[in-house]
Amino acid sequence: MAIPTLSKPSPTTGGSRRKIGEFRWPIGYVVVIVGLFLVYQTVLPNLATGVSSGITGWLPVSTINECLMWCIMALGLNVVVGYAGLLDLGYVAFWALGGYTAGWLMAAPFNWTWDFHVLSAVSGEGTHINFWFVIIIAGVLCAVLGIIIGAPTLRLRGDYLALVTLGFGEVITQFFKNSNDIAGFNLAGGDGGISIIDPIGTGPFVYAGVPQKLLNNSTSNVYKILVLGLLVAICLFISLRIREGRLGRAWLAIREDELAASMMGVPLVRSKLSAYAVGAFFGGIGGVANASAITGAVSPSGFDFGKSVLVLLMVVLGGMGNVWGVIIGAFLLAWLNSNGLQQIGVQLDSWFNTGTTLQGQLPRYNYIILGVLLVLMMLFRREGLIPEKRTKALMNTPSRTEMEAIGADITEAEQESEAFEASDAADDADIRASAAAVSPVLREEPADEVLSDDGSSAPYAHSKDPGDPDSAAKTEDNR
C-alpha cells in the first residue's frame, strides 16, 4: 500500500505567485484610473441628477486631476527623502522651474516676438511646443538644477541640509518675483507671472472623438484623468525600477547608515547627486502638468514654502519609501486641501442645521488641521499608513543610544543585586555574632540531618564549644 506524501510547491509555481503579487498594486492602479474615467465619462451622465451631483460634489473631476498632479510631486520627493534619506524643504523650487519652463515654451510672447511651433495644437504668435516635448525638456532642466543644488550639500546632514534646501526654495521664489527686470530684461513676468499657457494637445486621438485641446471644462477634464494618470504611471515605473536596482539599494544604505554605506564601498557623491536629479526630474514633470493641465498659468505666489511642507506631509503620511503609500497619502491630503474640508463643512451644516458656516470656515484652517494630523501620525503611527518594511522595522527598533541605556540599566541592576546579596551576608554574620554574645544557647549552629542505622533521618547538632558537657550529652543521646 503506497503511503501518500505531501507534495511541495515547485519553484516555478512559487515564482509565478510571487510575480502575480508584485503586479497586484500596478494592476489595481490601472483599474482605478480607467474606472474613474469610465465612471465620469459614461456612468454619471446617465444617473439621476441627485446621485450624480452628490458624487461630483464630494469628488469633482478637477479635484481628481489636482490629486494626480500632487501624486507626481510626492513621488519625486519620496526619492529624495524616502529612498536616500535627504531632508529637502525646498522641493517647490523644481515645481516652479517646471511651471516656468512650460510658460517659456507653451505661451504667447510676453517679451519676445518670434514664432516657433513644434507639433502644437495652438496656433498664433509665440513659442508653442508640444506638451510631451516640454515634459522631457523641463524634467532634464530640473535634473541638472538638482545636481547643481546637491553638489554644495554633499557634506551636510540633517538640520543643516534642511536649512540649505529651504534657503534654495526661497531664493527661487524671490528670483521669479523679481524676474520682470533682470538687467533690463523681462525673464518671467515678475509677480504677475505668465498668464496664458497652452493646453494639452491630443494629436491623433482627435479622430477617436477626443477634443483637440484639453481645456479647463467638464468635458476635457475627464480626458485629463488619463493624461495625468499616465504621467503618474511613468513616475511609478521609474521609482520602482530604480529602487530594485543597484542605485536604489545604495540610496537605502545611505538612508539607514551613511557611514556604514561608505565603508562598504557605496559612492556617496554619485548616489546623492542621482537622488537629487531623479527627484528634481519628477518635480519638473509636476510643474508642467500643473501649469498646463490644472491652472493654465504660472506665478510666484503658487510656490511658497507651504507647498513644500504639504508635499513632505504627503510622503510622511503615506509612508516614506513606499510608493503606493505615498500615492495614497498624496491623494488623501490633496483631496482634503482642495475640496474635502469644504464638503465636510457642507455635510456638517446640513446635519446640525444650526445656521453655521463650516463650509467656509473649515478650509481656512486647513494647515492647522493638517498639522494636527501630522502630530497624531507621529504619536501613533510614525511609519505611515502603508509603511515600507525596512522603515517599519527601523521605527520599531531601539536606537543605539537607547540600547546603550538599556544595557547600562541592566548592568546597574546586576551591581545593585550583588551589593544587596553581599550586604545580606554581612548582616547575617553580625546578627549571629550579636546572638552569641547574648546567650550561649544561640551559639549552636542549626542541626544537620544524618541517617540513622535504620535509614531514618535524625538531627545531629554541632556545638562551637566541644568541652561543653551539655553539648556532649546531647550528642551522645542523639547517637
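Structure first, text after, so check above.
Described in the following lines is the structure provided in the data block.

1. As for the layout of surface pockets
Thinking step 1. Roughly 1200 Å³ of volume is contained in the largest pocket.
Thinking step 2. Around the largest pocket, the lining is made up of 31 residues, and of these Glu22, Pro26, Leu240, Glu244 and Trp324 lie nearest the centre.
Thinking step 3. Of all elements in the fold, only helix H1 (11–22), helix H2 (24–43), helix H8 (218–244), helix H9 (246–256), helix H13 (323–352) and helix H16 (389–396) reach the threshold of two or more residues within the lining of the largest pocket.
Thinking step 4. Within the lining of the largest pocket, the residues separate by chemical class into 18 nonpolar, 4 polar and 9 charged.

2. Thoughts on the sheet that holds strand S2 (residues 116–118)
Thinking step 1. Spatial strand order, S1-S3-S2: 3 strands in an open sheet with mixed pairing. Edge positions in the sheet fall to strand S1 (106–107) and S2, since each has one partner strand and no second.
Thinking step 2. The sheet contact formed by S2 and strand S3 (residues 127–129) spans 3 bridges and is parallel. Bridged to His117 within S3 is His128.

3. Observations concerning the environment of Asp88
Thinking step 1. Residue position: Asp88 is located in the loop between helix H4 (61–83) and helix H5 (92–105).
Thinking step 2. Taking relative accessible area as the criterion, Asp88 reaches 3% and is therefore assigned buried.
Thinking step 3. In this structure, the C-alpha to C-alpha distance between Asp88 and Gly158, residues 70 residues apart in sequence, is 9.6 Å.
Thinking step 4. Apart from residues no more than four positions distant in its own chain, Asp88 is found in contact with Leu77, Val80, Val81, Phe94, Thr165 and Tyr276.
Thinking step 5. One polar contact links the side chain of Asp88 to the main-chain amide nitrogen of Gly90, over a distance of 2.9 Å.

4. A word on the environment of Val323
Thinking step 1. Mapped onto the secondary structure, Val323 falls in helix H13.
Thinking step 2. The exposure class assigned to Val323 is buried, which follows from its relative accessible area of 3%.

5. Thoughts on a nonpolar patch on the surface
Thinking step 1. A grouping of Tyr365, Ile368, Ile369, Val372, Val375, Leu376, Leu379 and Phe380 is seen on the molecular surface, where their side chains present a nonpolar patch of about 810 Å² in accessible area.
Thinking step 2. Relative accessible area serves as the criterion here: at 39%, Tyr365 is assigned to the partly exposed category.

6. A word on the pattern of salt bridges
Thinking step 1. Counted according to the given criterion, the structure contains 5 salt bridges.
Thinking step 2. The partner of Lys272 in a salt bridge is Glu258, with the nearest N and O atoms 2.9 Å apart. Separated by 14 residues along the polypeptide, Lys272 in helix H11 (residues 268–295) and Glu258 in helix H10 (residues 258–263) bring together distant segments of the chain. Each member of the pair, Lys272 together with Glu258, is buried.
Thinking step 3. Between Glu383 and Arg381 there is a salt bridge, with the nearest N and O atoms lying 4.0 Å from each other.
Thinking step 4. Judged by relative accessible area, which is 12%, Glu383 ranks as buried.
Thinking step 5. Since its relative accessible area comes to 34%, Arg381 is described here as partly exposed.

7. Some points on the packing of aromatic side chains
Thinking step 1. Enumeration over the complete set of coordinates arrives at 15 aromatic pairs.
Thinking step 2. Relative to Trp335, the ring of Trp58 has its centre 6.3 Å away and its plane inclined at 25 degrees; by these criteria the two rings are stacked. Of this pair, Trp58 sits in helix H3 (residues 49–58) while Trp335 sits in helix H13, and the two are 277 residues apart along the sequence.
Thinking step 3. The exposure class of Trp58 is partly exposed, given its relative accessible area of 32%.
Thinking step 4. A relative accessible area of 17% places Trp335 in the buried class.
Thinking step 5. Through successive ring pairs, a cluster of aromatic residues spans Trp70, Trp95, Tyr100, Trp104, Phe175, Phe176 and Phe303.

8. A look at the packing of H5 against helix H7 (residues 158–177)
Thinking step 1. One can describe the packing of H5 onto H7 by two numbers: an axis separation of 9 Å at closest approach and a directional angle of 30 degrees. Comparing their axes, H7 and H5 come out roughly parallel. Contacts from Ala93, Ala96, Leu97, Tyr100 and Trp104 in H5 reach Phe168, Gly169, Ile172 and Phe176 in H7.
Thinking step 2. Across the contact of H5 with H7, the residue classes tally to 8 nonpolar, 1 polar and no charged.

9. Regarding unusual backbone geometry
Thinking step 1. The backbone of Leu119 shows a phi angle near 50 degrees, a positive value even though the residue is not glycine.
Thinking step 2. Looking at the secondary structure, you find Leu119 in the loop between S2 and S3.

10. Regarding empty space enclosed by the protein
Thinking step 1. For the structure shown, the criterion picks out 2 cavities of 30 Å³ or more.
Thinking step 2. Considered as a void within the structure, the largest cavity measures approximately 40 Å³ in volume.
Thinking step 3. As for the largest cavity, its lining consists of Met106, Leu119, Ser120, Ala121, Ile129, Asn130, Phe131, Asp198, Pro199 and Gly201.
Thinking step 4. Across the lining of the largest cavity, the residue classes break down as 6 nonpolar, 3 polar and 1 charged.
Thinking step 5. Here the second largest cavity is characterised by a volume of approximately 30 Å³.
Thinking step 6. Together, Leu89, Gly90, Val92, Leu166, Gly169, Glu170, Thr173, Phe305 and Ser308 line the second largest cavity.
Thinking step 7. Those elements giving two or more residues to the lining of the second largest cavity turn out to be H7 and helix H12 (305–318).
Thinking step 8. At 4 residues, the largest contribution of residues to the lining of the second largest cavity is made by H7.
Thinking step 9. By residue class, the composition of the lining of the second largest cavity is 4 nonpolar, 4 polar and 1 charged.

Calculation criteria
Residues numbered from 1 in each chain as written. Predicted model: local features only at pLDDT ≥ 70, side-chain atom pairs only at ≥ 80, totals over all residues. Heavy atoms only, no water. 1 Å grid on protein atoms, 1.4 Å probe; cavity = no way out; pocket = protein on both sides within 12 Å on 5 of 7 lines; lining within 4 Å. Points joined across faces, edges and corners; volume = space filled by probe spheres on them. Helix = DSSP H or I, 4+ residues; strand = E, 2+ residues; numbered from the N terminus. Nonpolar A, V, L, I, M, F, W, Y, C, P; charged D, E, K, R; others polar. Pairing = 2+ DSSP bridges. Buried < 20%, exposed > 50% of the residue type's maximum accessible area, 1.4 Å probe, protein only. Contact = heavy atoms within 4.5 Å. Polar contact = N/O pair within 3.5 Å; in protein donor to acceptor, adjacent residues only side chain to side chain. Patch = residues over 30% accessible without salt bridge, like charges linked within 9 Å, V, L, I, M, F, W, Y side chains within 5 Å. Areas by Shrake-Rupley, 256 points an atom, 1.4 Å probe, with all protein chains shown as cover. Salt bridge = Lys/Arg side-chain N within 4 Å of Asp/Glu carboxyl O. Phe/Tyr/Trp six-rings, centres within 6.5 Å; stacked < 30°, edge-to-face > 60°. Axes fitted to C-alpha atoms, helices over the stretch in contact; angles between N-to-C directions. Parallel < 35°, antiparallel > 145°, perpendicular 65-115°, else oblique.

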